[in-house]
Amino acid sequence: MPASLEGLVEEARGAVLRPLAEASTLPPGFYTSPDIFEAECELVFRRNWVSVGRASEIPDAGDRFRIDVAGEPLLIVRGKDGEVRALSAVCRHRWMLLGEGAESAGTISCPYHKWTYALDGSLMAAPLMEKAEDFKREACALPSFACEIWNGFIFVNLGGDAAPLAQSLVSLATEFAPWKMDEMEIVGRIEFDQSYNWKVLVDNFMESYHHFAVHPETFEPNYPAALSYTEETGAPYAVARMPHKDDVLAETLFKPLDGIPDRARRSFSVFNVYPSMLLAVLADSVIWYRLEVESLDRFKLTIYLLAHPASLDVPDADALKAFLREATWHVHMEDLPACEGVQRGLMSGAAQAGRLSHLEGAIHAHQKWLLGEFGRA
Ligand code: FES
Ligand SMILES: [Fe+2]
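Residues numbered from 1 in each chain as written. Chains lettered and ligands numbered in written order. Predicted model: local features only at pLDDT ≥ 70, side-chain atom pairs only at ≥ 80, totals over all residues. Heavy atoms only, no water.

Let's talk about the sheet that holds strand E13 (residues 267-273)
Okay, step 1: With antiparallel pairing, seven strands are arranged side by side in an open sheet as E10-E16-E15-E14-E13-E12-E11. Single-partner strands in this sheet number two, and they are strand E10 (185-194) and strand E11 (229-231). Taken pair by pair, the neighbouring strands of this sheet meet at an average axis angle of 20°, ignoring direction.
Okay, step 2: The sheet contact formed by E11 and strand E12 (residues 237-243) spans three bridges and is antiparallel. Of the residues in E12, the one forming a bridge with glutamate 231 is valine 239.
Okay, step 3: Along the sheet face, helix H10 (residues 361-375) touches E11, E12 and E13 and points at about 175° away from the line of E12. (Pairing = 2+ DSSP bridges. Helix = DSSP H or I, 4+ residues; strand = E, 2+ residues; numbered from the N terminus. Axes fitted to C-alpha atoms, helices over the stretch in contact; angles between N-to-C directions. Contact = heavy atoms within 4.5 Å.)

Written out as structure tokens, the structure is:
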């Protein structure tokens, strides 16, 4: 770690690594320093599993989509064998990005000089290369990265040595089992370009302390800030619970599956599967915030609305999907000025680490975990 970072990390340890009641946030430099961002890419995003999409987005052989993880261009593609792979999207000839041009379903063809790869990344054809001596197609396959599907979500681990996801998320898998998330379909998708550090949104998503100020009409009347709480998970994710004010079984839009516990209708829960997979789990649906981190102060946010096909067996399902989309968009529009305001505040020379409320335990847990990842360097 460069010496310039060590001071900042030491300062962060002093602020964060103490009981919640005594803790402060990470120092502002953690949100604004290019060196920290570079270290996060290396130590956090490349070393851990990062969620990139839903398996149902690429149901058939040849289906694919492009995404960057820690600046690494990836092509997520389903092969003829049915496997989902995370291939490098960088052509082995002269580095053109693959997958953004017109494609034939059975191959991956570079738009620049038409080198053509099979769906498993092996190079099948390279036009007009016969005079290149010792040119071996076998030596020009696209590199591939570790890829796992968990609950229908596609994850990638660039470093290749993260422990299997299922192993580290056993308790979460047990809690999620009644939702049958692997069978859920995408009922809505909303995309935003965001201009603030990715952790600002993670922090915002994982606390309901701001409900009375930022969501006075949407959340606070039924899910008041003061009732929310967090739990220690002992695993690489954080959780915050938002109980209904009257402890009643809340109305749902869609039909909750049989087996969804009553508890999930008396409260909803938000999760951060580290580093940055944000999930709101409701009795009848799941809202996933996918963050595609681009730089220190930019990321693409894609909000996926997910529901089980059996839950959608209700009158006017399409109108309810549209309502959910509208409501989700509206909530993010309430959060956005706060996130953008925080970013401007973070850039100030007067900004310092701030003390945390007892309602911000999930932020504290995430920041402790991040410092642990820096410590593994
Ligand atoms: S850069 Fe891909 S074929 Fe030339
Ligand atoms: Fe919010």
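Quick look at the domain arrangement of the chain
Okay, step 1: One can read the domain layout of the chain as domain 1 (3-43 + 171-375) and domain 2 (50-157).
Okay, step 2: One C-alpha centre belongs to domain 1, the other to domain 2; they are set 31 Å apart.
Okay, step 3: At the junction of the two partners, domain 1 supplies 16 residues and domain 2 supplies 15 residues.
Okay, step 4: Both sides of the domain 1 and domain 2 interface together cover about 1,400 Å² of buried area, and 64% of this is carbon and sulfur.
Okay, step 5: Counting every contact that joins domain 1 to domain 2 gives one salt bridge.
Okay, step 6: Across the pair arginine 189 and glutamate 57 runs a salt bridge whose closest N-O atoms are separated by 2.7 Å.
Okay, step 7: Scanning the region where domain 1 abuts domain 2 turns up six residue pairs in polar contact (both at pLDDT 80 or more).
Okay, step 8: Taken together, the elements giving at least two residues each to the side of domain 1 that touches domain 2 come down to helix H5 (170-176), E10, strand E14 (277-281), strand E15 (286-295) and strand E16 (298-307). (Domains from an automatic or database assignment. Buried area = accessible area lost by both parts, 1.4 Å probe. Salt bridge = Lys/Arg side-chain N within 4 Å of Asp/Glu carboxyl O. Polar contact = N/O pair within 3.5 Å; in protein donor to acceptor, adjacent residues only side chain to side chain.)

Quick word on the coordination of the iron ion (ligand 2)
Okay, step 1: Around the iron ion (ligand 2), the protein contributes the donor atoms His210 (NE2), His215 (NE2), Asp335 (OD) and Asp335 (OD), at 2.0 to 2.6 Å from the metal centre.
Okay, step 2: The site at the iron ion (ligand 2) holds four donor atoms, and with the angles between them running 54 to 147°, its shape is irregular.
Okay, step 3: Mapped onto the polypeptide sequence, the residues donating to the iron ion (ligand 2) form the spacing pattern H-x4-H-x119-D. With histidine 210 in the loop between helix H6 (198-205) and helix H7 (211-214) and aspartate 335 in helix H9 (residues 317-346), this residue pair connects regions lying 125 residues apart in the sequence. (Donors = N, O, S within 2.8 Å, 3.2 Å for Na, K, Ca; no water. Tetrahedral: all angles 85-135°; square planar, octahedral: opposite > 155°, others 65-115°.)

What about the layout of surface pockets?
Okay, step 1: Counted as a void, the largest pocket has a volume near 890 Å³.
Okay, step 2: What lines the largest pocket is a set of 37 residues, among which Phe219, Tyr223, Phe268, Leu282 and Ile287 lie closest to the centre.
Okay, step 3: Those elements that place two or more of their residues in the lining of the largest pocket are H6, helix H8 (263-266), E13, E15 and H9.
Okay, step 4: Counting residues per element, the lining of the largest pocket draws most heavily on H9, at six residues. (1 Å grid on protein atoms, 1.4 Å probe; cavity = no way out; pocket = protein on both sides within 12 Å on 5 of 7 lines; lining within 4 Å. Points joined across faces, edges and corners; volume = space filled by probe spheres on them.)

Overview of unusual backbone geometry
Okay, step 1: Omega for the peptide link from tyrosine 274 to proline 275 comes to 5°, which places this bond in the cis form.
Okay, step 2: Within the element layout of this structure, proline 275 appears in the loop between E13 and E14.
Okay, step 3: The phi dihedral of alanine 70 falls on the positive side, at around 50°, and the residue is not glycine.
Okay, step 4: Its location among the elements puts alanine 70 in the loop between strand E2 (64-69) and strand E3 (72-78).

Some details on the packing of aromatic side chains
Okay, step 1: Per the counting criterion, the structure on display carries 15 aromatic pairs.
Okay, step 2: Look at tryptophan 150 and phenylalanine 155: their rings are 6.3 Å apart centre to centre, the planes differ by 80°, and that puts the pair in the edge-to-face class. One exposure class covers both tryptophan 150 and phenylalanine 155, and it is buried.
Okay, step 3: Note on tyrosine 274 and tryptophan 369: the rings are 4.8 Å apart at their centroids and 35° apart in plane angle, and the pair reads as tilted. Taken as a pair, tyrosine 274 in the loop between E13 and E14 and tryptophan 369 in helix H10 lie far apart in primary sequence, 95 residues in all.
Okay, step 4: Here tyrosine 274 falls in the buried class, since its relative accessible area comes to 6%.
Okay, step 5: Take tryptophan 369: its relative accessible area is 14%, and that puts it in the buried class.
Okay, step 6: Three or more aromatic residues link up through ring pairs in this structure, and these residues are Trp150, Phe155, Phe176, Tyr237 and Phe271.
Okay, step 7: Directly above the aromatic system of phenylalanine 153 lies the positively charged group of arginine 54, at a separation of 4.5 Å from the ring centroid. (Phe/Tyr/Trp six-rings, centres within 6.5 Å; stacked < 30°, edge-to-face > 60°. Buried < 20%, exposed > 50% of the residue type's maximum accessible area, 1.4 Å probe, protein only. Lys NZ or Arg CZ within 6 Å of the ring centre and 35° of its normal.)

Some thoughts on the nonpolar core
It is characteristic of soluble globular proteins that their nonpolar side chains tend to be buried jointly.
Okay, step 1: In terms of nonpolar packing, the biggest core is built from 76 residues, with Phe30, Ile76, Leu201, Tyr289 and Leu291 touching the most fellow members.
Okay, step 2: Among the elements that line this core, the one with the most residues is helix H3 (residues 34-45), at seven residues.
Okay, step 3: Both domains that meet at this core, namely domain 1 (3-43 + 171-375) and domain 2 (50-157), each give it at least three residues.
Okay, step 4: Sequence-distant contacts of leucine 201, defined by excluding residues within four places in its chain, comprise Tyr196, Leu278, Tyr289, Leu291, Phe299, Leu301, His332 and Cys339.
Okay, step 5: Counting 28 residues, the second largest nonpolar core, distinct from the first, contains Trp150, Met181, Leu257 and Val286. (Core = buried A, V, L, I, M, F, W, Y, C linked by side-chain atoms within 4.5 Å.)

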